[in-house]
Amino acid sequence: MGKLKDSLKYITAGDIGHCFLFAFILPFALIAKIFIRKFWLVCEDRNEARDNGYHFFRWVRANRPKQKIAYAINKKSPDYQKVKGLGKVISYGTLSHWFWYIVADKNISSQKGGKPNAAVCYVLEVSLGLRKNNRVFLQHGVTKDKADWLFYDATKMRIFVTSALPEQEYIEQEFGYPKGNVQLLGFSRFDALNLDDRDEKVILAMPTWRNWLGRASSENRDLDFTTTEYFKKWNEFITSKKLVEILEKYDTKLIFYPHRNMQQFINHFVSNSDRIIIADWKKYDIQSVLKQASLMITDYSSVFFDFAYMRKPVLFYQFDEQEFRQKQYSQGYFDYKDNPLGKWTDDKDTLFSLLEESLKNKNPLIDKEITAQFFPYIDTKNSERIFNAIKELERKKK
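From a predicted model like this one, the values you see are computed outputs, not experimental measurements.

1. Observations concerning the sheet that holds strand E7 (residues 182–184)
Point 1. If you walk across this open sheet you meet the seven strands as E3-E2-E1-E4-E5-E6-E7, and the pairing is parallel. Looking at the sheet topology across the chains shown, the edges are occupied by strand E3 (88–91) and E7.
Point 2. Across four bridges, the pairing between strand E1 (residues 40–43) and strand E4 (residues 106–109) is parallel. Residue pairing across strands places Cys 43 opposite Ser 109, the latter belonging to E4.
Point 3. Sheet strands touched by helix H5 (residues 95–103): E1, strand E2 (69–73), E3 and E4. Its angle to E3, the strand with the most contacts, is close to 120°.

2. Some remarks on the pattern of salt bridges
Point 1. Applying the stated rule across the entire model yields 24 salt bridges.
Point 2. Between Arg 260 and Asp 45 there is a salt bridge, with the nearest N and O atoms lying 3.1 Å from each other. Residue Arg 260 is located in the loop between strand E9 (253–256) and strand E10 (276–278), and its partner Asp 45 is located in the loop between E1 and helix H3 (52–63); the two are separated by 215 residues in the primary sequence. Just as Arg 260 is buried, Asp 45 falls in that class too.
Point 3. With its nearest N and O atoms 2.7 Å apart, the salt bridge here joins Asp 145 to Lys 144. In this structure, Asp 145 and Lys 144 share a single accessibility class: buried.
Point 4. Beyond isolated ion pairs, a larger network of salt bridges with shared partners links Asp 45, Glu 48 and Arg 260.

3. Side note on unusual backbone geometry
Point 1. We note that Lys 38 has phi near 55°; this positive angle belongs to a residue other than glycine.
Point 2. Among the structural elements, Lys 38 can be located in the loop between helix H2 (13–35) and E1.
Point 3. Even without a glycine there, the phi angle at Lys 362 is positive, about 60°.
Point 4. Turning to its location among the elements, Lys 362 is positioned in the loop between helix H14 (348–360) and helix H15 (368–374).
Point 5. Since its relative accessible area comes to 55%, Lys 362 is described here as exposed.

4. Brief notes about the packing of H2 against helix H6 (residues 118–127)
Point 1. Close contact between H2 and H6 brings their axes to 8 Å; oriented N to C, the two are set at 55°. Between H2 and H6, the angle falls in the class oblique. Here Asp 15, His 18, Cys 19 and Phe 22 of H2 come into contact with H6, specifically with Ala 119, Val 120 and Leu 124.
Point 2. Residues of the contact of H2 with H6, tallied by class, amount to five nonpolar, one polar and one charged.

Calculation notes
- Residue numbering note: each chain is counted from 1, following its sequence as written.
- A pLDDT threshold of at least 70 governs which residues receive local features in this predicted model, and a stricter bar of 80 or more applies before side-chain atom pairs are shown or counted, although totals over entire chains, interfaces and linings include all residues.
- Water and hydrogen atoms play no part in the side-chain values, which are based on all heavy atoms of the structure.
- Note on pairing: two strands pair once DSSP finds at least 2 bridges between them.
- Numbered from the N terminus, helices here are DSSP runs of H or I no shorter than four residues, and strands are runs of E no shorter than two.
- Every residue pair with non-hydrogen atoms within 4.5 Å of one another is taken to be in contact.
- The convention used is that axes are lines fitted to C-alpha atoms, helices contributing only their stretch in contact, and that angles between N-to-C directions extend from 0 to 180 degrees.
- Salt bridge, as used here, is a side-chain nitrogen of Lys or Arg placed within 4 Å of a carboxyl oxygen of Asp or Glu.
- For each residue, the accessible area found with a 1.4 Å probe, counting protein chains only, is set against the maximum for its type, and the residue is called buried under 20%, exposed over 50%, and partly exposed in between.
- Angular relationships are summarised with four words: roughly parallel below 35 degrees, roughly antiparallel beyond 145, roughly perpendicular across 65 to 115, and oblique for the angles in between.
- Under the convention adopted here, Pro, Cys and the residues Ala, Val, Leu, Ile, Met, Phe, Trp and Tyr are nonpolar, Asp, Glu, Lys and Arg are charged, and Gly plus all remaining residues are polar.

If you want it as C-alpha cells, here you go:
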C-alpha cells in the first residue's frame, strides 16, 4: 500500500484521462487477447524511431516476418513515415495504444516509460502488479551509474538487456534483479555501427541532459537557461576563438548535438563559425552523426559507449561533476578519470589541448583488445540474440 500511495503522487491531471481510456478499452482488449496470442508491442521515446526499439522492430520485420509485432510512435514524429513502411504502427498514447498494450504478450521498449502513459502503467505494473506482460527493456544507453529508478523494485522487468560485460556484472550485483533477468545480448542499434563512414574531419560534441534543467524546467517557469552553468560552459566552448583556430588548423568541423531533453534550449546556442554546426535532433539522425564523427566530446552521456564500440576515441569534459552526482546520478562502476576509452578534464583549456593532440594524431582508434574487454559481442547479431531470448520466455511460459 505504501508503494501505491507513493506512485499515486506522480499521477497528474493529464494522466487521469488515461485512466479512463484504460478502463474503457479493458474489456474489449481482454476479449481480443483470447484470440490474439504472442503479440509483441515495441516502442521507444514517443517522438522517435532511432534507438534500440526501432532497430529491433526493423530486424524482426525483415528476418522474422511471421512474428506478430507492432511499433508505437507519435504520428507527428519526423520518423513516423520511416517506421510506417516497416509494418503495423500504432499511434502513441491513444486508445489504440492502450488496446494493444493490454493485448500484447510482450512489451518491448528502449525506455522504462515506453507505455501509453508511464505514470498509470507504473501503478498497474509495479505498484499493483496487475499487468504482467513480460516486459523487455532494450535500454536507451549502456547503464554505468547507480540509477535507482532502474532497480528491479521500480521496474519488474523480465529481461534487462545489457551490452557491456562490466555493465551486466554491476546491474546483477546492485539492482536487485532475479537471476536470469539481466542478460548480456548486445544492443540492437549496435548492429548498424561500423567504421566505414568515419570522417577524420568531423568531431562530435554531445553533452547529456540535466534533470534539474531539462524535464524539470517545465515545472520551473522562471528558469533562465542562459544563467545556468551548463549553458555558460558549453556556449563558452563552442564560441571560443581557440576552438575555431583548432578547427581551421586541422580543416575540421564540429557538430554540437545536446541531448534530446536539452534540445528545448537549442536556440540559445549560436554558432559564430561555419565550421561549428548546432544540430537540431529533428534534422540530424543521432546514429548517422555517431558513425560519421571520428572523435567525441561529451560529459556523462552513455552514448560514448556507442563510440567506443566503433573503437573511436572520447574526451570527457566534466565541469559540474559534484552537482551532477548530487542531483542526477550517483557514481557507478565506470571511472571517467581513469579508463582506457577516453581522457578526462574539467578545464576548458585542457580540453582544447586534448582536442588538438587528438586531431594532430588523426584521432587514433582504440585498441581492439580494449574494446573487446567491454563488448563481448561485436558481430551484428544482437537483435537475433534478443529475439531468441524473448522466444525463450514464451517457451518457459508455455
